[in-house]
Every structure is written in C-alpha cells, then in structure tokens.
Amino acid sequence: MSLPSVSRLPIQMLDLAAQHAPLQAELQVALADTLREAAFIQGPAVATFAQELGAYLGGAEVVPCANGTDALQLALMSLQLPAGAEVIVPAFTYVATLEAAAVLGLRPVPADVLPGTFNLDPAAVAAALSPRTGAIVAVHLFGQCADLEALRTLADQQGVALIEDNAQAIGARFTTRQGATWWAGTVGEVGTTSFFPSKNLGGFGDGGALLTQDARRAATLRQLANHGQTRKYHHEHIGLNSRLDTLQAALLRVKLRYLPEWTAARQRVAAQYDAALAAVPGVQVPARDPRSTHVFHQYTVTVVDEPGRRDALQQYLAARGVPSTVYYPLPVHAQPAYAYLGYQPGRFPVAERLCRTVLSLPIHPTLAPEQVAYVAAVVREWAQGAG
C-alpha cells in the first residue's frame with residue numbers, strides 16, 4: 001500500500017502557532033490595551049469576557065477563576081456538603097475530577113462509563129447513589145455531552161446537585177426529548193470549564209471559569225474565588241485566591257470570536273476521519289450521541305482489545321510521523337493516590353477496557369485535509385497487516 005504524499009509536515013496533535021497566526025494583530029491590540037490600562041488583576045477585560053462568554057452560552061452567569069481544577073473545587077465548595085459526603089464521578093476521566101472532591105474532605109465514588117461515548121453511564125450512577133451522595137459530577141469527555149437529561153433527572157429525584165465538568169466540550173449542546181436545547185455546562189447547579197492552552201477555547205497560560213443559571217449562586221462563587229470576600233477585607237466564607245488574569249481575559253476575548261469557526265473546522269476534520277476509518281477492521285471511530293453535538297476536543301478511536309494492539313498502532317503511527325496520545329492510560333480508581341477508596345481491578349470494566357484501547361489522533365482547526373488523509377491511510381495500512 002502506498003501512503004499519500006503530505007506536504008505540510010510535521011503533523012501535530014495541536015498547532016497553536018498556526019491557529020494564532022491570523023489573529024496576531026488582534027492579540028497585539030488586546031495585549032497593548034492591557035499594558036496601557038495596567039489593571040492586571042480584575043481589570044475591565046475580565047468582566048467583559050465573562051459577559052461575552054455568558055452570552056455565547058445562552059445567557060449563563062460566568063465566574064472566571066484561575067484554572068479548571070479550581071473551578072471544580074469552587075463548584076463543590078458552593079454546595080456546602082458535609083465532610084465525608086460522596087461525590088459520584090466517572091471512572092474514566094482526568095484525575096482532577098476526583099482531586100477536587102478529595103481535597104475538600106469529600107469521598108469520590110467512581111461510576112462506570114458507556115463504551116461508545118465514554119461518558120457517565122446513568123445506570124451506573126443510579127447504582128452508586130446512596131444516602132451519603134451529595135453531588136454527581138458529569139464530565140463531557142472529549143467534546144460530547146454526557147446524558148444530561150438522565151443525569152439531571154437522577155439528581156433531582158435523589159435531591160443531590162449536578163456539577164458539569166465542561167473543560168473539553170465548550171459550545172456543545174444537548175437536545176432533550178421535548179426538543180429543548182441545553183448548552184453544556186449550564187444544566188447543573190454549577191458547570192466548570194478550563195482555558196488551559198490546549199482546550200478548544202484556550203488561553204496563553206492557566207485559566208478557568210464557573211457557569212451557572214443561578215444569579216445568587218454566581219455571587220457566592222465570585223466571593224469564594226476571591227478569598228470569600230463580600231467586600232474588601234470582609235470575609236464571610238472560607239475561599240480561595242483564584243482569579244483569571246486580566247491579560248488572559250483580554251486575549252480570550254479575541255479567541256472567543258473565532259470559537260464557532262474553529263468548532264466547525266474540528267467537526268470537518270472529524271467527518272473526514274469518520275469517512276476514512278469507518279470500515280477499518282479492529283478500529284472503532286468515536287460514537288455519536290444523536291442528542292448531543294460534538295465539538296471534538298479530541299478525536300478518540302478505540303482499538304480491538306487484544307494485548308499490545310493499541311500500543312502497536314501508536315508506535316506504527318509515530319514511526320511514520322503521526323503523533324497520538326492516550327487519554328487516559330490508567331483508570332482513576334487504580335491511581336496510587338486513590339488506593340484508599342478500596343476499589344479492586346475489575347470493578348469498572350468499561351473504564352478499564354477503555355484505558356487499554358483508546359487512542360486520540362491529531363485534531364485541530366488548522367489540520368489540513370491532506371494531513372487527515374495521511375493519518376487515516378497510516379491507520380488503514382497498519383490494520384491491513386503492515387503493522
């Protein structure tokens with residue numbers, strides 16, 4: 001099999017330099033304005049960015065903070081759960097989802113995920129609910145909404161909070177059975193997001209935000225993120241020092257204008273991958289929940305669950321100039337830091353299988369069609385026996 005030629009090398013998992021290049025003039029203006037105003041903490045761009053992001057997300061209240069992990073911690077702090085309360089989290093997620101609960105003295109309770117979408121399995125959540133449950137954290141993994149309708153119903157029936165970790169799915173939407181459209185991150189009591197540079201809306205350093213439809217909760221979250229202050233030197237809550245820098249907000253305002261365009265570009269790349277990889281034996285393209293849009297923070301395939309096969313594909317790709325990444329190689333309950341939870345191997349079989357079989361291929365707004373074609377051709381060549 002002859003691989004197609006590709007002139008635009010190297011292929012990168014994420015090419016921020018190419019993505020930012022057309023924005024240089026606008027970014028320079030935002031930088032110059034911030035330097036001139038010299039309001040580097042809580043400057044005017046922070047509030048303006050929060051308003052603009054809230055408008056983009058259908059009118060949500062947005063509370064900027066220092067990073068996505070702080071956002072998760074602040075969201076849980078706002079619930080005022082008692083020590084030892086249980087927080088249901090996906091068994092297949094980044095460790096920050098558990099970390100935010102654990103550092104507050106809460107107990108993370110993993111629940112297994114769906115094999116197709118990789119998101120929380122509502123049936124597993126229902127089985128994990130107990131009288132000690134205080135919250136469910138739904139992670140919209142890789143850019144697609146978890147089953148918000150089912151999870152919202154479970155939370156309401158149990159009288160617990162729903163928190164949305166929306167770090168990877170900003171701009172995704174979920175359609176209910178009644179035809180209502182919900183923006184990811186705005187359905188739970190609190191949603192969170194991250195502006196880590198690799199995210200779909202990424203800054204130039206760390207940053208994050210909280211999302212809510214409740215103005216009173218938004219006011220509390222603003223206080224919690226600023227040392228628990230109701231006004232300067234008056235602290236009614238134990239809070240954090242977790243603020244989004246003015247410079248980050250100013251630069252993110254520029255990038256937010258392009259987010260719909262970049263999302264559409266990611267979706268075009270994913271559609272090209274889908275068409276090229278649909279019939280490849282031993283490789284499953286990402287499943288789509290028809291109720292959710294997908295903003296493709298990652299394009300993650302699953303490889304047949306045979307010892308060493310996923311790693312063999314990754315090595316084959318690397319040898320031909322194609323990067324790839326495993327998100328995540330170890331389930332959260334198997335992490336040494338969370339051994340105290342007492343979960344044994346085999347407890348969450350879907351999550352454990354995904355950790356052995358998932359592989360994320362390059363995807364970003366500036367990935368050229370010829371590059372996508374080359375990546376897909378390498379995968380096909382491997383599957384047809386060259387690997």
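The shown structure was predicted, so the numbers you read here are calculated from the model rather than taken from an experiment.

Attention now moves to unusual backbone geometry. Tyr327 connects to Tyr328 through a cis peptide bond whose omega is 20°. Note that Tyr328 resides in the loop between α11 (309-319) and α12 (349-357). Positioned with a positive phi, Gln42 is a non-glycine residue whose angle comes to about 60°. By the element assignment, Gln42 lies in the loop between α2 (24-37) and α3 (44-56). In this structure, Gln80 is a non-glycine residue whose phi angle is positive, near 55°.

What follows covers the pattern of salt bridges. What the rule picks out here adds up to 14 salt bridges. Note that Glu26 and Arg257 form a salt bridge whose closest N and O atoms lie 3.0 Å from each other. Here Arg257 lies in the loop between α9 (246-256) and α10 (259-277) and Glu26 lies in helix α2, a separation of 231 residues in the sequence. A salt bridge links Asp311 to Arg310; its shortest N-O distance comes to 2.9 Å. Among the charged side chains, a network of salt bridges with common partners joins Asp147, Asp289 and Arg291.

Note on sheets: strands pair through backbone hydrogen bonds, and any given pair is parallel or antiparallel. Sheet architecture is open: three strands sit in the order β12-β13-β14, paired in antiparallel fashion. Looking at which strands have only one partner, the edges of the open sheet turn out to be β12 (283-284) and β14 (358-361). With respect to the sheet, α10 is in contact with β12, β13 (299-303) and β14, its orientation differing from that of β13 by roughly 20°. Seen against the sheet, α11 touches β13 and β14 and runs at an angle of roughly 20° to β14.

Counting 43 residues, the largest nonpolar core has Phe92, Tyr273, Leu277, Tyr299, Leu317 and Leu361 as its most contacted members. Where this core is concerned, the elements lending two or more residues are α10, β13, α11, α12, β14 and α13 (369-386). Looking at this core element by element, the count peaks at eight residues for α13. Setting aside residues no more than four positions away along its own chain, Leu277 makes contact with Val283, Val285, Tyr299, Val301, Leu361, Ala376 and Val379. With 31 residues, the next largest nonpolar core counts Leu76, Met77, Ala101 and Leu106 among its residues.

A few words now on the packing of aromatic side chains. Taken as a whole, this structure holds 14 aromatic pairs when the rule is applied. Aromatic pair Phe92 and Tyr328: ring centres 5.8 Å apart, planes at 70°, arrangement edge-to-face. One end of the pair, Phe92, is in the loop between β2 (86-90) and α5 (96-102); the other, Tyr328, is in the loop between α11 and α12, with 236 residues separating them in the sequence. Summarising the burial analysis for this pair, Phe92 and Tyr328 share the class buried.

Of all five residues in strand β8 (residues 190-194), five are buried, a share of seventy percent or more. Of the two faces of β8, the one carrying Val190, Thr192 and Ser194 and the one carrying Gly191 and Thr193 are both buried. Here three bridges tie strand β5 (residues 161-165) to β8, and the two strands are oriented parallel to one another. When the sheet's bridge partners are listed, Asp165 is paired in β8 with Thr192. For β8 and strand β9 (residues 208-212), the ladder comprises four bridges, and the chain directions are antiparallel. Each residue of the ladder has a partner; that of Ser194, found in β9, is Gly208.

What follows is about the environment of Val103. Checked against the element boundaries, Val103 lands in the loop between α5 and β3 (107-111). Taking the relative accessible area as the measure of exposure, Val103 reaches 53% and is therefore exposed. Considering only alpha carbons, one finds Val103 and Asn226, 123 residues apart in sequence, at a separation of 19 Å.

A few words now on α11. When we look at burial in α11, the residues that qualify are Arg310, Leu313, Tyr316 and Leu317. Looking down the long axis of α11, one finds its buried residues gathered within 125° of arc, a one-sided arrangement. Exposed residues pointing more than 90 degrees away from the buried face of α11 are listed as Gln315, Ala318 and Ala319. Gly321 sits one or two residues past α11 and shows a positive phi near 80°.

Let's shift gears to a nonpolar patch on the surface. On the surface, Leu35, Phe40 and Ile41 cluster together into a nonpolar patch covering about 310 Å² of accessible area. Within the secondary structure, Phe40 is located in the loop between α2 and α3.

Another point: the sheet that holds β3. Ordered in space as β1-β9-β8-β5-β4-β2-β3, the seven strands form an open sheet in which the pairing is mixed. Because the sheet does not close on itself, it has two edges, and the strands there are β1 (61-65) and β3. Within this sheet the neighbouring strands show an average axis-to-axis angle of 25°, counted without direction. Sheet strands in contact with helix α8 (residues 215-224) are β1, β8 and β9, and its direction is about 10° off that of β1.

About the cut-offs
Residues numbered from 1 in each chain as written. Predicted model: local features only at pLDDT ≥ 70, side-chain atom pairs only at ≥ 80, totals over all residues. Heavy atoms only, no water. Helix = DSSP H or I, 4+ residues; strand = E, 2+ residues; numbered from the N terminus. Salt bridge = Lys/Arg side-chain N within 4 Å of Asp/Glu carboxyl O. Pairing = 2+ DSSP bridges. Contact = heavy atoms within 4.5 Å. Axes fitted to C-alpha atoms, helices over the stretch in contact; angles between N-to-C directions. Core = buried A, V, L, I, M, F, W, Y, C linked by side-chain atoms within 4.5 Å. Buried < 20%, exposed > 50% of the residue type's maximum accessible area, 1.4 Å probe, protein only. Phe/Tyr/Trp six-rings, centres within 6.5 Å; stacked < 30°, edge-to-face > 60°. Arc of directions from axis to C-beta. Patch = residues over 30% accessible without salt bridge, like charges linked within 9 Å, V, L, I, M, F, W, Y side chains within 5 Å. Areas by Shrake-Rupley, 256 points an atom, 1.4 Å probe, with all protein chains shown as cover.

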